[in-house]
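This is what each chain is made of:
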Amino acid sequence: YKQDKAKILAYLDDYAFYINSLLDLFEVKTDPRFVELASYYTDILIKHFWDEQENNFYYSSDLHESILTRTKVLYDLALPSGNSVSISNLIRLYHITGKNNYLEMAEKMMRGSISSALDNPFGFGWLLSSTYLYVKKPTEITIFSKDNKSDMIDEMNKMYIPNGIFSILHENNLSEALDQYNLF
């Protein structure tokens, strides 16, 4: 990236981890623009990376240079695969926005890869974690605070709550824009 221009197109992992970061930022800042961006980039991911035959994502988009074979990475190695992170993103977006198409895509992806994950759980850690998020449903926690200093927020930051979806609303960010989301 140089002078406001990207030299190469983004890959699946770039989108997946960026979307995950936007959702994490939303949980910290509870600013609707982070969900809007996450939804926008997820829709681009679906449009340009989706493999209709195998119900998962290619590593490169249909906008990349023409190659003989578009590869896929399904295993979670030192870093989780873009497919596994995307499942988690789709589930989180569904619970925040209420858009059923996100949940339907996550379900298709899990159905297509869960048997491999059960055969080799060490190679699919993030996928199994995403599946757990789907089965158990996330814990949704919203904290209302008058200012940035809150004993409840301090206590929540000390706790480990896996698969939680958090939002912290302050008087100054109680936005009508949040009303459009299922979470609120």
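To be clear, the structure that these remarks concern was listed above.
Residues numbered from 1 in each chain as written. Predicted model: local features only at pLDDT ≥ 70, side-chain atom pairs only at ≥ 80, totals over all residues. Heavy atoms only, no water.

### Regarding the nonpolar core
Cut-off, in case you're wondering: Within this scheme, the nonpolar core is defined by two criteria: the residues are buried Ala, Val, Leu, Ile, Met, Phe, Trp, Tyr or Cys, and they are joined through side-chain atoms within 4.5 Å. Only protein chains enter the accessibility calculation, which uses a 1.4 Å probe; a residue whose area is less than 20% of its type maximum is buried, one above 50% is exposed, and one in between is partly exposed. Only runs of H or I of at least four residues qualify as helices and only runs of E of at least two qualify as strands under DSSP, and these elements are numbered from the N terminus. Note on contacts: a residue pair is in contact if any heavy atoms of the two residues lie within 4.5 Å.
Phe 26, Leu 45, Phe 57, Ile 87, Leu 90 and Ile 96 are the most contacted members of the largest nonpolar core, which totals 36 residues. Listed by contribution, the elements that provide at least two residues to this core are helix H1 (12–29), helix H2 (32–49), helix H3 (82–97), helix H4 (100–119), helix H5 (125–136) and strand E4 (164–170). In contact with Leu 90, other than residues within four places in its own chain, are Thr 42, Ile 46, Tyr 102, Met 105, Ala 106 and Met 109. With 5 residues, the next largest nonpolar core counts Ile 141, Ile 143, Met 156 and Ile 168 among its residues.

### Side note on the pairing of E4
Defined as follows: Pairs of strands are assigned from DSSP output, requiring at least two bridges between the strands.
Counting buried residues along E4, 6 of its 7 residues qualify, which places the element largely inside the surrounding structure. Pairing between strand E3 (residues 139–145) and E4: 7 bridges, direction parallel. Along E4, the bridge assignment pairs Ile 143 with Ile 168.

### With respect to the packing of aromatic side chains
Basically, it comes down to this: Aromatic rings from Phe, Tyr and Trp, taking only the six-membered ring of Trp, are treated as a pair when their centres fall within 6.5 Å; an angle between ring planes under 30 degrees marks them as stacked, one over 60 as edge-to-face, and anything in between as tilted. Any Lys NZ or Arg CZ found within 6 Å of a ring centre and within 35 degrees of that ring's normal is scored as a charge over the ring.
Taken as a whole, this structure holds 7 aromatic pairs when the rule is applied. Arranged with centres 5.1 Å apart and planes meeting at 25 degrees, the rings of Tyr 11 and Tyr 59 form a pair that is stacked. Pair noted here: Tyr 11 is in the segment before H1 and Tyr 59 is in the loop between strand E2 (56–57) and H3, with a separation of 48 residues, a long-range link. On the basis of relative accessible area, Tyr 11 is assigned to the partly exposed category, the value being 25%. An angle of 75 degrees between the planes, with centres 5.1 Å apart, marks the rings of Trp 50 and Phe 57 as edge-to-face. The ring centre of Tyr 58 lies 4.7 Å from the NZ or CZ of Lys 72, which sits over that ring. The ring of Tyr 134 is capped by Lys 137, whose NZ or CZ atom sits 5.1 Å from the centre of that ring.

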